[in-house]
Amino acid sequence: MKNVQIILSFIIVMMLVACNGGPNGQKFDPKVEKKKATEAVNSVLTSFKDKEKLATATNRDAANPIAWKKIQNKNNKNLSGDLSKDDQNRLLYLLTINKAEDTPSGGTKANLLFSQDTKVKEVKLNRDDETFTFDIERSGFDHKAITTEKQEDTWKIVQVKDSE
């Protein structure tokens, strides 16, 4: 009888432990996770010096892939590998400014400079899927929504949308 009680006690304890956590068996602490997600987003928003040149090309379309490669390489741990091309372009738009320059031949060239003219205005938690969405303001008027989720124990940017 004593063995049965020990086994039942063990089963109950195991069930309580299994039910007391998130998807990885760990409890999701919104305050702690919000801080970590905010650090990840701020790391991307300040990953280069303000006005640091990231790319030069004949136009912005040609400069974008060059600048994206630099941003991606520097922020690899904070960017999801699943970011769509549209998300990449929206993030590039948020992080860069184009200082066009006249060329001696009479044309222009694009100079993409990193811009730290961004601010986190609001952070919202989606409790259902344990993600955070950041309302990012650029130049005091333009807004983008950056969504982060925890992947491999690291908060990563998984989506960038125009804010409603």
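Residues numbered from 1 in each chain as written. Predicted model: local features only at pLDDT ≥ 70, side-chain atom pairs only at ≥ 80, totals over all residues. Heavy atoms only, no water.

Points about the overall build of the protein
For clarity, the cut-off: Comment: elements are numbered from the N terminus, with helices defined as DSSP H or I runs of at least four residues and strands as E runs of at least two. For every residue, the accessible area obtained with a 1.4 Å probe (protein chains only) is divided by the maximum for its type, and the residue is called buried under 20%, exposed over 50%, and partly exposed between those limits. Any two residues whose heavy atoms approach within 4.5 Å at even a single point are treated as in contact.
When helices and strands are tallied, the protein shows four helices and eight strands. Each of the 164 residues in the protein was classed as buried or not, and the buried ones make up 35%. Nonlocal contacts in the protein, meaning residues at least 24 apart in sequence, comprise 54% of its contacts between residues at least 6 apart.

Focus: the pattern of salt bridges
For the record, the criterion: Salt bridge, as applied in this entry: a Lys or Arg side-chain nitrogen positioned within 4 Å of an Asp or Glu carboxyl oxygen.
For the structure on display, the rule yields seven salt bridges. For the salt bridge of Glu101 with Lys109, the shortest nitrogen-to-oxygen distance reads 3.8 Å. For Lys109, a relative accessible area of 27% corresponds to the partly exposed category. For Glu137, the salt bridge identified is with Lys121, shortest N-O distance 3.8 Å. Of this pair, Glu137 sits in strand S6 (residues 131-138) while Lys121 sits in strand S5 (residues 118-126), placing them 16 residues apart in sequence. The partly exposed category is assigned to Lys121, whose relative accessible area is 48%.

Here's the deal with the nonpolar core
Going by this rule: Note on terminology: a nonpolar core comprises buried Ala, Val, Leu, Ile, Met, Phe, Trp, Tyr and Cys residues joined through side-chain atoms within 4.5 Å.
Counting 30 residues, the largest nonpolar core has Ile71, Leu79, Leu91, Ile146 and Ile157 as the members making the most contacts within it. Residue assignment for this core shows that the elements contributing at least two residues are helix H2 (30-45), strand S1 (53-57), helix H3 (60-74), helix H4 (85-95), strand S4 (108-114), S6 and strand S8 (154-162). Not counting residues up to four positions away in its chain, the partners in contact with Ile157 are Val41, Val44, Asn78, Leu79, Ser80, Leu83, Ile146, Thr147 and Thr148.

Overview of the side chain of Glu137
Threshold: Polar contacts, as used here, are pairs of N or O atoms within 3.5 Å; protein pairs need one atom able to donate a hydrogen and one able to accept it. Residues neighboring in sequence count only if both atoms are side-chain atoms.
Take Glu137: its relative accessible area is 14%, and that puts it in the buried class. A distance of 3.3 Å separates polar atoms of two side chains, one belonging to Glu137 and the other to His143. Filtering out sequence-adjacent residues up to four positions away, Glu137 remains in contact with Asp117, Thr118, Lys119, Lys121, Asp142 and His143.

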